[in-house]
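# Residue-level structural notes
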Amino acid sequence: MSIALKQVFNKDKTFRPKRRFEPGTQRFELHKRAQASLSSGLDLRAAVKLPQGEDLNDWVAVHVVDFFNRINLIYGTVCEFCTEKSCPVMSGGPRYEYRWQDEHKYKKPTPLPAPQYMNLLMDWIEMQINNEDIFPTSIGIPFPKNFIQICKKILCRLFRVFVHVYIHHFDRILLMGAEAHVNTCYKHFYFFATELNLIERKELEPLKEMTSRMCL
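On a predicted model such as this, the values are computed, not experimentally measured, just so you know. (Residues numbered from 1 in each chain as written. Predicted model: local features only at pLDDT ≥ 70, side-chain atom pairs only at ≥ 80, totals over all residues. Heavy atoms only, no water.)

## Re helix α4 (residues 56–78)
Here α4 is 23 residues long and its end C-alpha atoms lie 33 Å apart, about the 33 Å a rise of 1.5 Å per residue gives. The buried count for α4 comes to 20 of 23 residues, which makes it a mostly enclosed element. For α4, the N-terminal capping position is held by D55, with its side-chain oxygen 3.1 Å away from the main-chain nitrogen of N57. (Helix = DSSP H or I, 4+ residues; strand = E, 2+ residues; numbered from the N terminus. Expected span 1.5 Å × (residues − 1). Buried < 20%, exposed > 50% of the residue type's maximum accessible area, 1.4 Å probe, protein only. Polar contact = N/O pair within 3.5 Å; in protein donor to acceptor, adjacent residues only side chain to side chain.)

## Some thoughts on the side chain of H164
Following the sequence through the fold, H164 ends up in helix α6 (residues 147–168). On the basis of relative accessibility, which here comes to 0%, the residue H164 falls in the buried class. What H164 contacts, discounting residues up to four positions off in sequence, is C82, C87, V89, M90, S91, A114, M118 and H169. (Contact = heavy atoms within 4.5 Å.)

## A look at unusual backbone geometry
Look at N197: it is not a glycine, yet its phi comes out positive at around 55 degrees. Inspection of the secondary structure assignment puts N197 in the loop between α8 (179–195) and α9 (208–214). Given a relative accessible area of 58%, N197 falls into the exposed group.

## Some details on the UniProt feature "binding site: Zn(2+)" (unreviewed entry) in the protein
As recorded in UniProt, the sites labelled "binding site: Zn(2+)" (unreviewed entry) are C82, C87, H164 and H169. The annotated residues occupy 88 residues of the chain but converge on a single region, no pair of C-alpha atoms lying more than 10.0 Å apart. Classification of C87 as buried rests on a relative accessible area of 5%. Those residues within four positions of C87 in sequence are excluded, and the remaining contacts are C82, P113, A114, P115, H164 and H169. (UniProt positions renumbered as here; feature names shortened; annotations may be inferred.)

## Digging into the environment of K49
Inspection of the secondary structure assignment puts K49 in the loop between α3 (44–47) and α4. On the basis of relative accessible area, K49 is assigned to the partly exposed category, the value being 44%. With 146 residues separating them in the primary sequence, K49 and E195 have C-alpha atoms 7.0 Å apart. What K49 contacts, discounting residues up to four positions off in sequence, is W59 and E195. Polar side-chain contacts of K49 include one of 3.4 Å to the side chain of E195.

## Examining the packing of aromatic side chains
Aromatic ring pairs are reported here in terms of the distance separating the ring centres and the angle at which the planes meet. Taken as a whole, this structure holds 15 aromatic pairs when the rule is applied. Between the aromatic rings of F159 and Y186, the centroid separation amounts to 6.2 Å while the plane-to-plane angle is 40 degrees, which identifies the pairing as tilted. Placement of the pair is F159 in helix α6 and Y186 in helix α8, with a sequence separation of 27 residues. Of the two residues, F159 and Y186, both sit in the buried class. With 5.2 Å between their ring centres and 80 degrees between their planes, F162 and Y186 make a pair best called edge-to-face. Separated by 24 residues along the polypeptide, F162 in helix α6 and Y186 in helix α8 bring together distant segments of the chain. The exposure class of Y186 is buried, given its relative accessible area of 0%. (Phe/Tyr/Trp six-rings, centres within 6.5 Å; stacked < 30°, edge-to-face > 60°.)

If you want it as C-alpha cells, here you go:
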C-alpha cells in the first residue's frame, strides 16, 4: 500500500478496534497464511479456497473477522460524508433499501438513516465476533452448530456496506486515490463468499453489473 493510502487507511479512521487472533493458535496461523497468499499476488480465486486438511469453520471464522476489520476501515474513510442529511435512508440507489432488524430494539425491519444503520450493524457484528460461544478463541472449544448460518448473516450485512459505499460514496474513494484498494477488498470478499456459497445470489444483485466487469 502506498504512503498516501496508508494515511487514508489509518487507525484514526477505523470505526472499531480490530479483533485480533491470539499468536500460537490455529486461527492465527490460518490468518497469517491467508494474508501471505494475498500479499504474494496469488490469484484471489485461488486464495479463498479452503486449504486441504483445514476445518471449514476455522477458515470462515478467520475471514469473517478479517472482512469485518477491512470493511469497517473502508466505511471509516467515508463516514464523515455519510450523514443523516446526505443519506436519510440506508440504501443502494433507488431500487434497494435496507431496513434494520435485531433481537432487541428493532424487532421489525425498520428504515433508518445510513449512519445509524452502520453503527447498529458494526455493533451487532462486533458483539458476535467477541462472543466466545460463537467465535471461540481457545483450542478445543467447538464452534456452535449454527456457526455457518451466523456467518452468512454477518457477510450478507457486510455486503450492504459495499453496496452503499460504491453507489453513494465512491466519489470520495476516488478523491482519496483508494479505488484500487477498495476494489481488491471487494473482489476478495466476493470470491470468498461465492466460493463457499455464503451469500445468496439475490443479495448480490445491487452490484451485479460492476461485479461482472470486475470479477467475472
